[in-house]
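# Breakdown of the fold
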Amino acid sequence: MINAVGNVTGVINASQVVNGELNKSIEYVNPVTQEKSIEPTKEVQVVEPDKGYTGLSKVTVEAISDRYDDINNFIDSKIIGGSGNLGKGNWTASVKKLPTMEFDGTNASYMFSGFQGVDIDLSKINTANATNMSYMFNNCSNLQSLNLSSLITTKVQNMSYMFNSASIMTELNFNNFDTSSVTNTGSMFSYFKYPFVLDISNFNTTKINSLYDMFGSIGVSKIILPRFEYLGVSFQSLFSGQGKLEEVECVASDLGSPNSIYSLCNYNSTIKTIPKIDGSNIINSHYAFQYCNNLVNIGGFDNLGQAYDISKPANFNEYELHFGWSRLSRESMLNIINGVYDIKSKGVQPQRLNLYVGSKLTAEEIAVATNKGWTVS
């Protein structure tokens, strides 16, 4: 390459040696070229070398997949306000790579719902103002990578169905999740498939008042939970359904003080271990453990019966604690018997503890509960 450093006139014959006075007017510079690879876009692109390069030696335009699919009204756009056209069925099965996405709105609901690619880059998704993340990763069934570290959840109130029916093959870190504003986590992890321990023990649960089916039919063998602090929250169907859940661990002394454990583990044939639950506010335990035929370990229900209504009849269905088809250990039975409230002294009619005791407990051990007004079988 020849760069002019002064005024040069006349004709330069390229076949001649450049010397003499002309040598003071020009200098030779070694070219520094660059290879670039770009992705195709709908707009015309001007491809230029980066700073420090004198030119381009090669430009590669990546191929467009045969299964490429446009996403209506959502290519390289910035969404302000609500979710607009984000998600909502736009991610057809043929979309394997997301377009450039920027977001700083309040409604992130359905943002990636149905996306079938293997990676989601959240680095340009500003969720600082988001209040709704329901269905955000719903049915993302092929994810190999998902880094949640940049996801801001400080103002989020609704996380229902957030990971419903998603399948994620990379270990998730929820340490940055601020759930102090969240009120609804219903079905958040229902049908969620994940080959690791699901640890959400750092979740702030003080405002969460809706937990229905949060882990229903979950495809995870072990979950680690915080205490659900909202007083009187319902645990209805919290672990119900056919999934792979075997062990529930709680980092606190008990899982919380719900008003209902109706259908808590109903039809969950894989669950084996459940932590202690504060029973002082429970007024409905019907079908809590129906068909839990592998349940062995349970921490008990401290003060179960304390909230019972004295006007209800004996053996009231909603007060029945039934462990049919379970295989409770002796220790688990004792945890329950020793923890129940003295409903007799309160004036409540006798209620049933169907533990299927068999020969696991002595008459004296059973009497601990019967002396408190419970019928034990």
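Keep in mind it's a predicted model, so treat the numbers as computed, not measured.

Right, let's talk about the overall build of the protein for a bit. Along the backbone of the protein there are 3 helices and 18 strands. The buried share of the protein, taken over its 377 residues, is 44%. When contacts within the protein are restricted to residue pairs at least 6 apart in sequence, those whose partners lie at least 24 apart make up 66%. With an accessible surface of roughly 18600 Å², the protein has 46% of that area assigned to carbon and sulfur atoms.

Once that is clear, we can look at the nonpolar core. Core analysis: the biggest nonpolar cluster contains 85 residues, and Phe137, Phe163, Phe239 and Phe289 have the highest contact counts within it. Listed by contribution, the elements that provide at least two residues to this core are β10 (222-225), β11 (247-250), α1 (330-339) and β18 (374-376). In terms of residue count, α1 provides more of this core than any other element does, 4 residues in total. In this structure, Phe163 is in contact with Phe137, Leu146, Leu148, Ile168, Leu172, Phe174, Met188, Phe189, Ser190 and Phe192, ignoring residues within four places of it in sequence.

Counting across every chain of the model gives 10 salt bridges. Close ionic contact of Arg352 with Glu320 constitutes a salt bridge, the shortest N to O distance being 3.5 Å. With Arg352 in strand β17 (residues 351-354) and Glu320 in the loop between β15 (301-302) and β16 (321-322), this residue pair connects regions lying 32 residues apart in the sequence. Take Arg352: its relative accessible area is 23%, and that puts it in the partly exposed class. Look at the salt bridges and you will find they share partners, linking Arg227, Glu229, Asp254 and Asp278 into a network.

In this section: the environment of Ser167. Examined against the element boundaries, Ser167 turns out to sit in the loop between β8 (145-146) and β9 (198-199). Assessed through its relative accessible area of 11%, Ser167 is described here as buried. Other than its neighbours up to four places away in sequence, Ser167 contacts Cys140, Ser141, Asn142, Leu143 and Lys193.

Here 3 strands make up an open sheet; going across it, the order is β16-β17-β18 and the pairing parallel. Edge strands, defined here as strands with exactly one partner in the open sheet, are β16 and β18. Sheet topology note: the β16/β17 ladder contains 2 bridges and is parallel. Its bridge partner being in β17, His322 is matched across the sheet by Asn354. In the packing of helix α3 (residues 363-370) onto the sheet, the strands contacted are β17 and β18, and the crossing angle to β18 comes to about 150 degrees.

How each quantity is defined
- Residues numbered from 1 in each chain as written.
- Predicted model: local features only at pLDDT ≥ 70, side-chain atom pairs only at ≥ 80, totals over all residues.
- Heavy atoms only, no water.
- Helix = DSSP H or I, 4+ residues; strand = E, 2+ residues; numbered from the N terminus.
- Buried < 20%, exposed > 50% of the residue type's maximum accessible area, 1.4 Å probe, protein only.
- Contact = heavy atoms within 4.5 Å.
- Areas by Shrake-Rupley, 256 points an atom, 1.4 Å probe, with all protein chains shown as cover.
- Core = buried A, V, L, I, M, F, W, Y, C linked by side-chain atoms within 4.5 Å.
- Salt bridge = Lys/Arg side-chain N within 4 Å of Asp/Glu carboxyl O.
- Pairing = 2+ DSSP bridges.
- Axes fitted to C-alpha atoms, helices over the stretch in contact; angles between N-to-C directions.

This is a description of form; function is not addressed.
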